[in-house]
Amino acid sequence: MIEIVYELIRNGLLQPLVSMLVPAAIEVQALYMLEILVKILAILIPVLFVVAYITYVERKVIGFIQGRIGPNRVGVFGLSVWGLGQPIADALKVIFKEIIIPSGSNKFLFIIAPVLSFAPSLAAWAVIPFSDTLVLADINAGLLYILALTSLAVYGVIIAGWASNSKYAFLGAMRSAAQIVSYEIAMGFALAGVLIAAGSLNLGDIVMAQDGSIIHWFWLPLFPLYVVYFISGVAETNRAPFDVAEGESEIVAGFHVEYSGMAFSIFFMAEYANMIMIAVLTSLLFCGGWLSPFQGIPVLGEPSIIWLLMKISFFLFLFLWFRATFPRYRYDQIMRLGWKVFIPITMVWVVVVAVLVVAQVGPWFN
Amino acid sequence: MIEQIVFYCFAAMLIFSAGMVVSMRNPVVSVLFLVLSFFSCAAIWLLLQAEFLAIVLILVYVGAVMVLFLFVVMMLDINMTVLREGFVKFLPVGIGVAVLMLISMGLIVGSSQFDIAAVASVAQHDPGYSNTKELGLALYTNYLYPFEIAGIILLVAIIAAISLTMRKPRTHKTPKPEKQVSVKRKDRVRLVKMKAEKE
């Protein structure tokens, strides 16, 4: 379906455009580059759309969980369709607000910090497969690439905290740096378990290694790693209950306390893009990606991107559910959970997985 | 053609950022330029089809080591003018060390390893070739003992770092989470039955 649409766009629009504008000598290269550009847009536009609307969904879901209504005023064309126009209105408001640069701040770093936090979360989408053929860059070391890029998100936070020249922002940055570095270790070990189980670093191969049905997916043999990975993901994205980097009640808004307007909004978007990223990765690595849970049954068992979207939505809902129900962790307890609970669990389970793989225990590894 | 353009762009960026690391006044900015130079270096490694090493360079150095660097540098209150006072006095010694380093580097990784004949022998691999797998096979077969020895040295370093920070016996009180979690209602709350008092 998507492939057919893409062929149409390629042959009907890109080919004539390139042959019209570019000399024939570099036509092939130009078409190739244009194709990649179109693919990037085809991934990023939906991602940004979801980023905008997840803010709306979050307010609605948390509203319903807490017995409130949530945003319900801004509609579309005069109709108040459950407040669906809210993200658009928010975006417009935030674009037209002034960005105040605090005196005594490092101006260049202050401006570049939101960019540094948003760019890695978008670049990571390059290697995400949406089906067995639908992937922008099918590279062998995909999992490593993801791990490397998610570890870069911390720079935006640290630089923002330092460049703001504010005590609260600096405290938030320090907290965030320690927290992200700690949880990255547990996350890395969890991913090591996945790559031992799948025998590959390529994300598409990892999904295909889970071929079978819902009990063949990696969540079952790697259950501790699955839980640790998702919780570390929540910590890594600075989401509740691990949101001490913002900690509204203690340090006002943490690292972005001095930011306003679009600069603040970019941090916000980066957080939600990272959230979606973690949801996508959890569904790809542990929950069979685009594979159907009912594999073997005629129509329901077909692998499809719809399954992937359903799994992503489920994990995104978990993020919102956590935020609505859990109180914030105390800082020393976050550190204890990361270092003294998660890292030992993952270290032990990596060994267990290696034994399972060597012994070819079924139904996963035979 | 495109590869050459990419190479020269990143090589120029690498040299520029490496120069900025030593010449910037602000140590935090220096660290950030070091990060940029790691990135340019990783990009050049990618051109050599060493994707594993390139990504690991980013993952380990940029993602972990430089974050801790930044952490420490931000906490320090370095007065750069004091550090720069002895520049002219130490310049001859610095130049001497630099020349020595240059000669030794030239002898070890000199032009004999990097002439045209050596470069031409780098094999072009098809897209299915996995650099990571080859590296893993080499590390765990031919170089198993050096690899294990490196691992043990790192372990010793970790233990040493922990024991250095735990020198003093703990005198301050800290909460014990396992006790806090295991507390039951009856440990803390005592219900007292008493008759209603009337005046």
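Residues numbered from 1 in each chain as written. Chains lettered and ligands numbered in written order. Predicted model: local features only at pLDDT ≥ 70, side-chain atom pairs only at ≥ 80, totals over all residues. Heavy atoms only, no water.

### Quick notes on the overall build of chain B
Stage number 1. A count of helical and extended segments in chain B gives ten helices and zero strands.
Stage number 2. Listed by position from the N terminus, the elements making up chain B come as α-α-α-α-α-α-α-α-α-α.
Stage number 3. Counting the 199 residues in chain B, one finds 17% classified as buried.
Stage number 4. Considering only intrachain contacts with a sequence separation of at least 6, the fraction spanning at least 24 residues in chain B is 59%.
Stage number 5. Counting every atom, chain B has about 16300 Å² of accessible surface; 71% of that belongs to carbon and sulfur. (Helix = DSSP H or I, 4+ residues; strand = E, 2+ residues; numbered from the N terminus. Buried < 20%, exposed > 50% of the residue type's maximum accessible area, 1.4 Å probe, protein only. Contact = heavy atoms within 4.5 Å. Areas by Shrake-Rupley, 256 points an atom, 1.4 Å probe, with all protein chains shown as cover.)

### Focus on the overall build of chain A
Stage number 1. A count of helices and strands for chain A gives 13 helices and zero strands.
Stage number 2. Taken from the N to the C terminus, the helices and strands of chain A come in the order α-α-α-α-α-α-α-α-α-α-α-α-α.
Stage number 3. Its C-alpha atoms put chain A at 60 × 60 × 45 Å along the principal axes.
Stage number 4. Counting the 366 residues in chain A, one finds 49% classified as buried.
Stage number 5. If you take every contact in chain A between residues at least 6 apart in sequence, the share linking residues at least 24 apart comes to 74%.
Stage number 6. Carbon together with sulfur atoms contributes 73% to the accessible area of chain A, which is approximately 17000 Å² in total.

### Structural notes on the interface of chain B and chain A
Stage number 1. Contacts between the two partners involve 30 residues from chain B, matched on the other side by 27 residues from chain A.
Stage number 2. Per-residue buried area on chain B facing chain A is highest for Ile55(B), Leu59(B) and Met74(B); these three make up 24% of the total on that side.
Stage number 3. Between chain B and chain A we count zero salt bridges in total.
Stage number 4. Our count for the contact surface shared by chain B and chain A stands at one residue pair in polar contact (both at pLDDT 80 or more).
Stage number 5. Of all the elements in the fold, those that place two or more residues in the side of chain B that touches chain A are helix H2 (27–47), helix H3 (51–75) and helix H9 (177–182) of chain B.
Stage number 6. The element that contributes the greatest number of residues to the side of chain B that touches chain A is H3(B), accounting for 15 residues.
Stage number 7. Among the residues making up the side of chain B that touches chain A, the classes are represented as 23 nonpolar, six polar and one charged. (Buried area = accessible area lost by both parts, 1.4 Å probe. Salt bridge = Lys/Arg side-chain N within 4 Å of Asp/Glu carboxyl O. Polar contact = N/O pair within 3.5 Å; in protein donor to acceptor, adjacent residues only side chain to side chain. Nonpolar A, V, L, I, M, F, W, Y, C, P; charged D, E, K, R; others polar.)

### Topic: the packing of helix H9 (residues 223–236) of chain A against helix H12 (residues 305–325) of chain A
Residues and elements named next belong to chain A.
Stage number 1. Two elements in contact, H9 and H12, have axes separated by 11 Å at closest approach and are oriented at 60°. With respect to their mutual orientation, H9 and H12 come out oblique. Here H9 and H12 pass one another in a crossing that is right-handed. Seen from H9, the contacting residues are Tyr 226, Phe 230 and Val 234; seen from H12, they are Phe 315, Leu 318, Phe 319 and Phe 322.
Stage number 2. Tallied by class, the residues present in the contact of H9 with H12 amount to seven nonpolar, no polar and no charged. (Axes fitted to C-alpha atoms, helices over the stretch in contact; angles between N-to-C directions. Parallel < 35°, antiparallel > 145°, perpendicular 65-115°, else oblique. Left-handed = near helix turned anticlockwise from the far one by under 90°.)

### Remarks on unusual backbone geometry
Residue and element names in this part refer to chain A.
Stage number 1. Although it is not a glycine, Asn 165 sits at a positive phi angle of roughly 55°.
Stage number 2. Along the polypeptide, Asn 165 turns up in the loop between helix H6 (153–163) and helix H7 (167–198).
Stage number 3. If you check the backbone angles, Asn 238 has positive phi at about 60° while not being a glycine.

### Remarks on the environment of Val135(A)
Residues and elements named next belong to chain A.
Stage number 1. With respect to the secondary-structure elements, Val 135 resides in the loop between helix H4 (107–123) and helix H5 (142–150).
Stage number 2. The spatial distance from the C-alpha of Val 135 to the C-alpha of Ile 43 is 9.6 Å, given a sequence separation of 92 residues.
Stage number 3. Not counting the four nearest positions on each side in its chain, Val 135 is found in contact with Ala 126, Val 127, Ile 128 and Pro 129.

### Things to note about the packing of H3(B) against helix H7 (residues 131–140) of chain B
Residue and element names in this part refer to chain B.
Stage number 1. Packing of H3 against H7 leaves a shortest axis separation of 7 Å and a crossing angle of 85°. Classed by the angle they form, the pair H3 and H7 counts as roughly perpendicular. Of the residues in H7, those touching H3 at Glu 51, Phe 52 and Leu 53 are Asn 131, Thr 132 and Leu 135.
Stage number 2. Classifying every residue of the contact of H3 with H7 by side-chain character gives three nonpolar, two polar and one charged.

### Examining the pattern of salt bridges
Residue and element names in this part refer to chain A.
Stage number 1. Counting across every chain of the model gives five salt bridges over all chains.
Stage number 2. As a salt-bridge pair, Arg 239 and Glu 58 come within 2.5 Å of each other at their nearest N and O atoms. You can see Arg 239 sitting in the loop between H9 and helix H10 (248–251) and its partner Glu 58 sitting in helix H2 (residues 27–65), a full 181 residues away along the chain.

### Considerations on the environment of Val156(B)
Residues and elements named next belong to chain B.
Stage number 1. If you trace the backbone, Val 156 turns up in helix H8 (residues 144–165).
Stage number 2. Residue classification places Val 156 among the exposed residues on the basis of a relative accessible area of 51%.
Stage number 3. Along the primary structure Val 156 and Ser 40 are separated by 116 residues, whereas in three dimensions their C-alpha atoms are 32 Å apart.

### Quick word on the confidence of the model for chain B
All names here are of chain B.
Stage number 1. In this model, chain B carries a mean pLDDT of 82, and residues with pLDDT of at least 70 account for 85%.
Stage number 2. The lowest-confidence element of chain B is helix H6 (residues 116–120), averaging 60 in pLDDT; the highest-confidence one is H8, averaging 91.
Stage number 3. Overall fold confidence for the complex sits at a pTM of 0.83, while the interface term, ipTM, reaches 0.79. (pLDDT = per-residue confidence, 0-100.)

### Re H2(B)
Stage number 1. Under the 1.5 Å per step criterion, the end-to-end length of H2(B) is 31 Å for 21 residues, consistent within 8% with the ideal 30 Å.
Stage number 2. One or two positions beyond H2(B), positive phi appears at Gln49(B), with a value near 65°. (Expected span 1.5 Å × (residues − 1).)

### Structural notes on a nonpolar patch on the surface
All names here are of chain B.
Stage number 1. A cluster of nonpolar residues, Phe 87, Val 88, Leu 91, Ile 95, Val 99, Ile 103, Met 105, Leu 107, Ile 108 and Val 109, forms a patch on the protein surface that exposes about 1000 Å² of accessible area.
Stage number 2. Here Ile 103 shows up in helix H5 (residues 87–108).
Stage number 3. You can call Ile 103 partly exposed: its relative accessible area is 48%. (Patch = residues over 30% accessible without salt bridge, like charges linked within 9 Å, V, L, I, M, F, W, Y side chains within 5 Å.)

### Considering the confidence of the model for chain A
Regions with low pLDDT should not have their predicted coordinates read in detail.
Stage number 1. Per-residue confidence for chain A gives a mean pLDDT of 84; residues scoring 70 or more make up 99%.
Stage number 2. Summarising per-element confidence for chain A, the mean pLDDT is lowest in H10(A) (72) and highest in H9(A) (90).

### Some thoughts on helix H13 (residues 331–358) of chain A
Residue and element names in this part refer to chain A.
Stage number 1. Look at H13: 40 Å from first C-alpha to last across 28 residues, which is about the 40 Å you get at 1.5 Å a residue.
Stage number 2. The sharpest bend along H13 reaches about 30° and sits at Phe 342, with the proline Pro 344 one to four residues further on.
Stage number 3. Among all positions in H13, only Ile 334, Met 335, Leu 337, Gly 338, Phe 342, Ile 343, Thr 346, Val 350, Val 353 and Leu 356 are buried.
Stage number 4. Residues of H13 that are buried sit in contact with H7 and H9. (Bend = angle between axes of the 7 residues up to and from the residue.)

### Details of the environment of Val47(A)
Residues and elements named next belong to chain A.
Stage number 1. Structurally, Val 47 can be placed in helix H2.
Stage number 2. Taking the relative accessible area as the measure of exposure, Val 47 reaches 6% and is therefore buried.
Stage number 3. Once the C-alpha coordinates of Val 47 and Tyr 155 are considered, the two residues, 108 residues apart in sequence, prove to be 22 Å apart.

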